[in-house]
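# Structure at a glance
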Amino acid sequence: MTLSEKLNKWAGYNREHEALRLAEITSIPPEDRLFWDTFKKPPKERKYVQKLDLFILIYSLLSFLVMTLDNSNVSNAYVSGMKEDLHLYGQQRNLFTTFFNIGSIIGAVPSQVILNRVRPSIWIPSCEVSWSVMVMIIASTKGANLIYAMRFLMGITESVAYPGFALVLGSWYRPDELAKRMTIYDGAWAIAYMFSGYIQAGVYTSMNGLGGLAGWRWLFIIDGLIGLPVALLGYYAIPDFPINSRVKWMSQAQKDYSVIRMHEVGRKPPRKLTLSRLCRMMKQWRPYGFMWPYILFNICDTSSYWNLWLKSLGIYSVQQINLIPTGGYACGLVSGYLLANMSDRAGKRFPFLMLAVFFNFLGNLLLAIWNIPFGVKMFAFFLPEIGYPLWGLMLTWSAETFQDDTELRGLVVAMGNTMASAMGAWFPLVAFPTPQAPMYKLGYKLVTGLTVLEAMGIVFFLIMSKRELKTRGKKLNKFGLAVDIEDYRDNGTDELSLEMGDEEVGKVGYQAKSGAVEITTKDVTVAEKI
């Protein structure tokens, strides 16, 4: 066996074996699938989903929490003494974000292409080890130049995490399970910002001056030390994809059951990504239709400017400046779970996406007015955080809309992040220049207008998706998801009418027996009993 073959066996895929395994498992008629009888009992199904949550969901949440913690600590450090110690001035704070975004632009799409060749269980933890080390290196900086370099490299390595985990999560959970888990995963953002505030406040109080180091330097060291063990856990916890998983914590029966679950939903297994396939992907309208609202929401995040306003008031201590915004992140966690839970139960994504956009719009509209009472302004900073669950719902929508192509499902999020980072590299410099803080001439007004365009993009994507359902000859399966005719027949789905009202299109209707569990719109699913 050559060195290349050994490396591929360790870190890569065997596409021929995967195709044979899928054909073998899915060729078993539903009535003869006695192999899955043990999963038909609610306790077995519940145990299976809990195992997915324990390893896939919890690890992805921890990893994304660490990533966000490492990315956000610059903002906390800036208002906690770093500006004065390093004599930072002008736009240097925004340039830290700009260099990070440039790295993300360069790394996002190549990282997803690499995932088509190298297993997520190898590639993602390796990148996480790298960025954790870089965070600790920042603690030794004597000026802005080293921070620019480390932030750039962190952008490259961190670019794999968000779309990578969204791809993995969307490959294991069914529609009635996915939105809650995507939102919990995405909620690590809010948890990380909360922890960053608490950690910085605690570090500033107890470690400032310890060993001759300022408190903000200790923040980078501690964040890096938190990330390393989480990264090492990833080599064991990440299960890759159902068709090629080799994790030790799942039995072979459960791995085969996972293939059946995704086959019944209509979610395609990964395939080799070629240049011709990539060109065909880019000729579709769907990637661009999805990226329209996705990019706008990405660049419309104004949460990092909250603590600058608090500092400008001159009435709060360093600890309070770091802690007050955590209340907004807590609101985001609560609203995120509530909206996602209602979305899974209702089987709809669109109404809850629009509700989240409304919170963002109202908050930024009030901040655009600016000359409002103190309490109203504080409330205005809270509102966009309440609308933050839009991220998780968008990821869920993408997992369901692009379920016919695993590679496109990963690339569309990566491309959205790339374009958002490209805009984020210059957008804060124009809309939110640091010397104007906290009252920006253009920032909040511009974001308010972009939020309206964001809502229009969501409506456009919904309309075009309904149109495609009819023009491309697709049918709704028993989960309410569009699938090709051959997949519709292979799964033995009972006839469903395409003559549905606008409210029904895109609805996940759990009204049929889905392999192991009978699910109806009135009953609570097994997954929701966990």
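Residues numbered from 1 in each chain as written. Predicted model: local features only at pLDDT ≥ 70, side-chain atom pairs only at ≥ 80, totals over all residues. Heavy atoms only, no water.

What follows covers the overall build of the chain. A tally of regular secondary structure across the chain gives 23 helices and four strands. In the chain, buried positions account for 58% of the 530 residues. Contacts in the chain between residues far apart in sequence, at least 24 positions, make up 81% of those at least 6 positions apart. (Helix = DSSP H or I, 4+ residues; strand = E, 2+ residues; numbered from the N terminus. Buried < 20%, exposed > 50% of the residue type's maximum accessible area, 1.4 Å probe, protein only. Contact = heavy atoms within 4.5 Å.)

Once that is clear, we can look at the packing of helix H4 (residues 92–115) against helix H20 (residues 406–424). A pair of packed helices is captured by two measures, namely the crossing angle of their axes and the spacing between those axes. Their axes nearest at 8 Å, the elements H4 and H20 cross at an angle of 170 degrees. Of the possible angle classes, the one that applies to H4 and H20 is roughly antiparallel. Contacts between H4 and H20 pair Asn101, Ser104, Ile105, Ala108, Val109, Gln112 and Val113 from the former with Gly410, Leu411, Ala414, Met415, Thr418, Ser421, Ala422 and Gly424 from the latter. Classifying every residue of the contact of H4 with H20 gives eight nonpolar, seven polar and no charged. (Axes fitted to C-alpha atoms, helices over the stretch in contact; angles between N-to-C directions. Parallel < 35°, antiparallel > 145°, perpendicular 65-115°, else oblique. Nonpolar A, V, L, I, M, F, W, Y, C, P; charged D, E, K, R; others polar.)

Attention now goes to the pattern of salt bridges. Considering all chains together, one arrives at nine salt bridges under this definition. Its salt-bridge partner being Arg174, residue Asp176 comes within 3.5 Å of it at the nearest N-O pair. The two residues Asp176 and Arg174 agree in class, both being buried. Look at the salt bridges and you will find they share partners, linking Arg271, Arg277, Asp405 and Glu407 into a network. (Salt bridge = Lys/Arg side-chain N within 4 Å of Asp/Glu carboxyl O.)

Let us now look at the environment of Gly224. Mapped onto the fold, Gly224 is located in helix H10 (residues 215–237). Owing to a relative accessible area of 0%, Gly224 belongs among the buried residues under this scheme. Not counting chain neighbours up to four residues away, the residues in contact with Gly224 comprise Asp70, Ser132, Val135 and Met136.

It is worth spelling out helix H13 (residues 286–299) at this point. With 14 residues, H13 ought to run about 20 Å at 1.5 Å a step, and its terminal C-alpha atoms sit 20 Å apart, in line with that. The largest bend in H13 is about 30 degrees, located at Trp292, with the proline Pro293 one to four residues further on. Burial runs high along H13: eleven of the 14 residues are buried. Listed as buried for H13 are Arg286, Pro287, Gly289, Phe290, Met291, Pro293, Tyr294, Ile295, Leu296, Phe297 and Ile299. (Expected span 1.5 Å × (residues − 1). Bend = angle between axes of the 7 residues up to and from the residue.)

This brings us to the nonpolar core. Counting 126 residues, the largest nonpolar core has Met82, Phe220 and Tyr444 as its most contacted members. Considering each element in turn, this core owes the most residues, 19 residues, to helix H3 (residues 42–86). Apart from residues lying up to four places away in sequence, Tyr444 is in contact with Thr302, Tyr305, Asn364, Leu367, Ala368, Trp370, Phe381, Phe432 and Pro438. (Core = buried A, V, L, I, M, F, W, Y, C linked by side-chain atoms within 4.5 Å.)

Taken together, the side chains of Leu54, Ile58, Leu62, Leu233 and Tyr236 make up a nonpolar region of the molecular surface, amounting to roughly 440 Å² of accessible area. Listed by contribution, the elements that provide at least two residues to the nonpolar patch are H3 and H10. Considering every element that reaches the nonpolar patch, the biggest residue donor is H3, with three residues. Along the chain, the position of Ile58 falls in helix H3. (Patch = residues over 30% accessible without salt bridge, like charges linked within 9 Å, V, L, I, M, F, W, Y side chains within 5 Å. Areas by Shrake-Rupley, 256 points an atom, 1.4 Å probe, with all protein chains shown as cover.)

That bond from Ala437 to Pro438 is cis: its omega, 5 degrees, falls within 30 degrees of zero. Along the polypeptide, Pro438 turns up in the loop between helix H21 (427–431) and helix H22 (443–471). In the Ramachandran plot, Asp240 falls in the positive-phi region, its phi being about 60 degrees despite a non-glycine side chain. As for its placement among the helices and strands, Asp240 is situated in the loop between H10 and helix H11 (252–265). On the basis of relative accessibility, which here comes to 1%, the residue Asp240 falls in the buried class.

As a further point, take the confidence of the model for the chain. Per-residue confidence for the chain gives a mean pLDDT of 78; residues scoring 70 or more make up 82%. Within the chain, the element-level pLDDT minimum falls on strand S4 (residues 517–518), averaging 34, and the maximum on helix H5 (residues 120–138), averaging 92. For residues 31–41, every residue scores under 50 in pLDDT, and the model assigns this stretch 20 contacts once sequence neighbours within four places are set aside. (pLDDT = per-residue confidence, 0-100.)

Our focus in this paragraph is the packing of aromatic side chains. Two numbers describe a pair of aromatic rings. These are the distance of the centres and the angle of the planes. One pass over the full model with this rule turns up 33 aromatic pairs. Grouped by ring-pair contacts, the aromatic residues Tyr305, Trp306, Trp309, Trp370, Phe374, Phe381, Phe382, Trp426, Phe427, Phe432, Tyr440 and Tyr444 constitute a single cluster. One Lys or Arg, Lys377, reaches over the ring of Trp370 and ends 3.8 Å from the middle of that ring. (Phe/Tyr/Trp six-rings, centres within 6.5 Å; stacked < 30°, edge-to-face > 60°. Lys NZ or Arg CZ within 6 Å of the ring centre and 35° of its normal.)

Before going further, it helps to spend a moment on the environment of Glu454. Within the fold, Glu454 resides in helix H22. Linking Glu454 and Trp292, residues 162 residues apart in sequence, is a C-alpha distance of 7.1 Å. Ignoring sequence-local partners within four residues, the contact set of Glu454 consists of Pro293, Leu296, Phe297, Val357 and Leu390.

Running from N to C, helix H8 (residues 175–186) and helix H19 (residues 390–401) point in directions that differ by 140 degrees, and their axes come no closer than 8 Å. Regarding the angle of H8 to H19, the classification is oblique. Here the hand of the crossing between H8 and H19 comes out right-handed. Together, Pro175, Leu178, Ala179, Met182, Thr183, Tyr185 and Asp186 of H8 and Trp391, Gly392, Leu393, Leu395, Thr396, Ala399 and Glu400 of H19 make up the contact between the two elements. Partitioned by chemical class, the residues of the contact of H8 with H19 number nine nonpolar, three polar and two charged. (Left-handed = near helix turned anticlockwise from the far one by under 90°.)

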